[in-house]
Amino acid sequence: MDNEVQQAYFELLRLLPLNVATRVTCSLVEHDLNGLMVGLDDGLVDAYRQACSRHAAHPTSGNFHSHNFTRVMAFILQDTVPSQKGGLSTWLERQFYSCQRWEKEPTTKEDAGDPLSSVIDRNERLLWFWATWEAAQFCIQSKLRTPLGKPQETFTAIGAAIKSYHDELRSNDSADGNPRTVSDGVEQRSVLHARLLLQFLENLEKHLYNASEGCAVAMATPPKAVRTFFRTNRATCQEWLARIRLSIMQVAGHCDEPGMVVRHAFELLHGYKDGHLQGGELDTVLLLAVEALCKLRSPEAIQGLWVWSREVTNRKLNWIRAAADMASGN
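The paragraphs below set out a description of the structure included in this document.

## Quick look at the overall build of the protein chain
Part 1 of the argument: If you tally the helices and strands in the protein chain, you get 15 helices and two strands.
Part 2 of the argument: Scored against the burial criterion, the 330 residues of the protein chain give a buried share of 43%.
Part 3 of the argument: As displayed, the protein chain offers around 17500 Å² of accessible surface, 51% of which is attributable to carbon and sulfur atoms.

Have a look at this one:
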């Protein structure tokens, strides 16, 4: 197989969201020991899903340290790659295995299930799932005191990064307003880093919720001191999330993540009466939400936004009804 074609394929594949890339109907491939491409059967795809779920539910091992966090976030926020030989997946694999303590792992198959280590080799998508999950969990375990700074400085650095990616992606648009194709090198790298930051923020929000509200079975319970800290500062964390949600929506829209756009839009609209939207931000949120719902072919949800706007804001936005007809194919 042509190496250039193979490289271009994997550059495109790694831009896909994890839930899309690991669907049974998706033509995923991996390499055997001879470097040849082989297909993934349904059982291996299920193993990927189970490994991610069990890793998320497993208590933190405490082996992901500040230097690991620094390297992962330096790549996501600043495009800084450690000076190591090999590709990006090789560097991530070294990070993963440096954080493992095999003597602490379960010894029985019933306890271990499908451990992440059994499917993560040369799988860049799972490696980045692990890296962003652990980086978000590190923020929680350290009570937001990270190499980025104190809690407020950590929030500021992350918020500035998402806004910076939004400006960068907009500047990469062509003169006629259409985004460049994924084949463009600059656009590829911008979208890759933006997707990784979005994945990190998704994981961070899950960990923030788990630390302040708790979760039944999907995630492990943090230590008591961590829970106390985030319950005390829950309002501050929610205000920070509310401030950056619009930027997240704009970046997610550019990265073709309509589901993420809709989720953050509904969170903002839910807090509309609390003053989370200022000035013309409401119209921007509605526009982005309707556009994303059109991509998802959800005319009923769009009609619901029209009803919400009429009852809550006393405005009848007829363009929303027109968008509902478009989403239904009329």
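## A look at the packing of helix α14 (residues 299-312) against helix α15 (residues 318-327)
Part 1 of the argument: Two numbers describe how α14 lies on α15: the axes approach to 8 Å, and their chain directions differ by 175°. Relative to α15, the element α14 lies roughly antiparallel. Residue-level contacts link P299, I302, Q303 and W306 of α14 to N318, I320, R321, A323, A324 and A327 of α15.

## Some thoughts on the side chain of E257
Part 1 of the argument: Locating E257 in the fold gives a position in the loop between α11 (234-254) and α12 (258-270).
Part 2 of the argument: Judged by relative accessible area, which is 15%, E257 ranks as buried.
Part 3 of the argument: Separated by 2.6 Å, the side chains of E257 and R195 make a polar contact.

## Some details on the packing of aromatic side chains
Part 1 of the argument: Evaluated as defined, the whole model comprises twelve aromatic pairs.
Part 2 of the argument: A connected cluster of aromatic rings, assembled from ring pairs, spans F64, F69, F96, Y97, W130 and F138.
Part 3 of the argument: Here the guanidinium or amino end of R321 rests over the ring plane of W306, the centre of that ring lying 4.3 Å away.

## Overview of the nonpolar core
Part 1 of the argument: Ranked by size, the top nonpolar core spans 87 residues in total, and within it W128, L197, F200, L201, L204 and I302 carry the most contacts.
Part 2 of the argument: Top element by residues in this core is helix α7 (residues 124-141). It accounts for twelve residues.
Part 3 of the argument: Excluding its chain neighbours within four sequence positions, the residues that come into contact with L204 are A136, C139, I140, I158 and W240.

## What about empty space enclosed by the protein?
Part 1 of the argument: Counted by the stated rule, this structure contains two cavities of 30 Å³ or more.
Part 2 of the argument: Roughly 40 Å³ of volume is contained in the largest cavity.
Part 3 of the argument: Forming the walls of the largest cavity are L201, E202, E205, W240, L241, I248 and H264.
Part 4 of the argument: Counting only elements with at least two residues in the lining of the largest cavity, the list comes to α9 (185-212) and α11.
Part 5 of the argument: There is about 30 Å³ of room inside the second largest cavity.
Part 6 of the argument: L208, Y209, S212, F230, R234, C237 and Q238 together form the lining of the second largest cavity.
Part 7 of the argument: Elements with a contribution of two residues or more to the lining of the second largest cavity: α9 and α11.

## Focus: the pattern of salt bridges
Oppositely charged side chains are able to pair whenever their charged atoms sit close together.
Part 1 of the argument: With the rule as written, the count across this model stands at eight salt bridges.
Part 2 of the argument: For R245, the salt bridge is made with E205, and the minimal N-O distance between the two is 2.9 Å. Taken together, the residues span a long stretch of sequence, with R245 in helix α11 and E205 in helix α9 at a distance of 40 residues.
Part 3 of the argument: Note on R245: relative accessible area 4%, which makes it buried.
Part 4 of the argument: On the basis of relative accessible area, E205 is assigned to the buried category, the value being 13%.
Part 5 of the argument: With its nearest N and O atoms 2.9 Å apart, the salt bridge here joins R263 to E205. In this pair, R263 is assigned in helix α12 and E205 in helix α9, connecting sequence segments 58 residues apart.

Rules of the game
- Residues numbered from 1 in each chain as written.
- Predicted model: local features only at pLDDT ≥ 70, side-chain atom pairs only at ≥ 80, totals over all residues.
- Heavy atoms only, no water.
- Helix = DSSP H or I, 4+ residues; strand = E, 2+ residues; numbered from the N terminus.
- Buried < 20%, exposed > 50% of the residue type's maximum accessible area, 1.4 Å probe, protein only.
- Areas by Shrake-Rupley, 256 points an atom, 1.4 Å probe, with all protein chains shown as cover.
- Axes fitted to C-alpha atoms, helices over the stretch in contact; angles between N-to-C directions.
- Parallel < 35°, antiparallel > 145°, perpendicular 65-115°, else oblique.
- Contact = heavy atoms within 4.5 Å.
- Polar contact = N/O pair within 3.5 Å; in protein donor to acceptor, adjacent residues only side chain to side chain.
- Phe/Tyr/Trp six-rings, centres within 6.5 Å; stacked < 30°, edge-to-face > 60°.
- Lys NZ or Arg CZ within 6 Å of the ring centre and 35° of its normal.
- Core = buried A, V, L, I, M, F, W, Y, C linked by side-chain atoms within 4.5 Å.
- 1 Å grid on protein atoms, 1.4 Å probe; cavity = no way out; pocket = protein on both sides within 12 Å on 5 of 7 lines; lining within 4 Å.
- Points joined across faces, edges and corners; volume = space filled by probe spheres on them.
- Salt bridge = Lys/Arg side-chain N within 4 Å of Asp/Glu carboxyl O.

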